[in-house]
Each structure stands twice: as structure tokens, then as C-alpha cells.
Amino acid sequence: MEAAEPKVFQHDRLYIQVARAIVEVFRRSNVIGPYRCPPAWVTVYAEARRGGRTRLCFGIAEALGEPVHECVPNCGPVHFRHAIPAADKILCRDFFTELAHLAERPIAS
């Protein structure tokens, strides 16, 4: 059986790949390593920042079945953060909507 093509989201210095039932998030930085998690556990929330930026915070869901993407910080510990222009938040939301469908989880509450 041939493996499905990985789902990829790339934005500036951020690279997210979903392949073989693992979500991997990388940022071109020597400060923070990658974030790896099964899609069923991924949670992301967006924080509005100054200067027209939005910070995406990646963590581990407290309970299986909770939404993948939220706009308020209610996930467990944050393992990875990345700031993007606020105008590009919709691009990320589209990717996380697709991830939620793949993981059979709600998108947001």
C-alpha cells in the first residue's frame, strides 16, 4: 500500500507537515527545536500581538476530541510558538481545519 502524500503548510520560516499520522512543525531557528505530535493530540491557539502580528501557540490537547484550533489560550502546556502577520491567520486556520478533518476532531468551539 502506498503512503498518502504529506499535507504541508509553509509560511515564511514556518513549515508544518502531516505525514504518517504525525504532525511536525519546524521553524528555521537555532533556538527552538521541532514540535511533533499525533493529530489527535494537537492543539493550536492564536494570540493577538502588537504590530499586526498573531502568535500561534502549539500544545497538547487536555482531552481527546477537543477542538484543534482555538482563539483563546485553553490548551495544555505550550511547546512551540511562532508569530505570523495577523493578515495571514486565515491561511493557518484553513490548514488547521483540514488537519481537524483528518484527525476527525472539531475545528473550534
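Anyway, here's the lowdown on the structure attached to this text. Predicted, not measured: the structure shown is a model, and the values here were computed from it.

Describing the overall build of the protein
So, step 1. Summing up its helical and strand segments, the protein has 1 helix and 8 strands in all.
So, step 2. The order of α-helices and β-strands along the protein, N terminus first, is β-β-β-β-β-β-β-β-α.
So, step 3. Burial analysis of the protein (109 residues in total) assigns 38% to the buried set.
So, step 4. The long-range share in the protein, meaning contacts at least 24 apart out of those at least 6 apart in sequence, stands at 52%.
So, step 5. By element, 52% of the accessible surface of the protein is carried by carbon and sulfur atoms, the whole surface being about 6600 Å².

Section: the layout of surface pockets
Where empty space is left in the structure can be found by rolling a water-sized probe over the atoms.
So, step 1. Here the largest pocket defines a volume of roughly 190 Å³.
So, step 2. Surrounding the largest pocket, 10 residues form its lining, Ala4, Glu5, Val18, Ala19 and Arg20 being those nearest its centre.
So, step 3. Here the residues of the lining of the largest pocket sort into 7 nonpolar, no polar and 3 charged.

Things to note about the packing of aromatic side chains
So, step 1. What the rule picks out here adds up to 6 aromatic pairs.
So, step 2. For the pair Phe9 and Phe95, a centre-to-centre distance of 5.6 Å together with 40° between the ring planes defines the contact as tilted. Of this pair, Phe9 sits in strand E1 (residues 7-11) while Phe95 sits in helix H1 (residues 89-103), placing them 86 residues apart in sequence.
So, step 3. By relative accessible area, Phe95 is classed as buried at 7%.
So, step 4. Of the aromatic side chains, those joined through ring pairs into one cluster are Phe9, Tyr35, Phe58, Phe80, Phe95 and Phe96.
So, step 5. If you follow Arg27 out to its NZ or CZ, it ends over the ring of Phe80, 5.5 Å from the centre.

What about H1?
So, step 1. Compared with an ideal rise of 1.5 Å per residue, which puts 15 residues at 21 Å, H1 spans 21 Å between its outermost C-alpha atoms and is within 8% of the ideal.
So, step 2. Along H1, the positions that sit buried rather than exposed are Cys92, Phe95, Phe96, Leu99, Ala100 and Ala103. The buried residues of H1 occupy one face: seen down the axis, they fall within an arc of 145°.
So, step 3. Remark: Glu104 follows H1 within two positions and exhibits a positive phi of approximately 55°.

Re the pattern of salt bridges
So, step 1. Tallied over the full model, the rule gives 4 salt bridges.
So, step 2. A salt bridge links Glu47 to Arg49; its shortest N-O distance comes to 3.8 Å.
So, step 3. Judged by its relative accessible area of 18%, Glu47 is buried.

About the cut-offs
- Residues numbered from 1 in each chain as written.
- Predicted model: local features only at pLDDT ≥ 70, side-chain atom pairs only at ≥ 80, totals over all residues.
- Heavy atoms only, no water.
- Helix = DSSP H or I, 4+ residues; strand = E, 2+ residues; numbered from the N terminus.
- Buried < 20%, exposed > 50% of the residue type's maximum accessible area, 1.4 Å probe, protein only.
- Contact = heavy atoms within 4.5 Å.
- Areas by Shrake-Rupley, 256 points an atom, 1.4 Å probe, with all protein chains shown as cover.
- 1 Å grid on protein atoms, 1.4 Å probe; cavity = no way out; pocket = protein on both sides within 12 Å on 5 of 7 lines; lining within 4 Å.
- Points joined across faces, edges and corners; volume = space filled by probe spheres on them.
- Nonpolar A, V, L, I, M, F, W, Y, C, P; charged D, E, K, R; others polar.
- Phe/Tyr/Trp six-rings, centres within 6.5 Å; stacked < 30°, edge-to-face > 60°.
- Lys NZ or Arg CZ within 6 Å of the ring centre and 35° of its normal.
- Expected span 1.5 Å × (residues − 1).
- Arc of directions from axis to C-beta.
- Salt bridge = Lys/Arg side-chain N within 4 Å of Asp/Glu carboxyl O.

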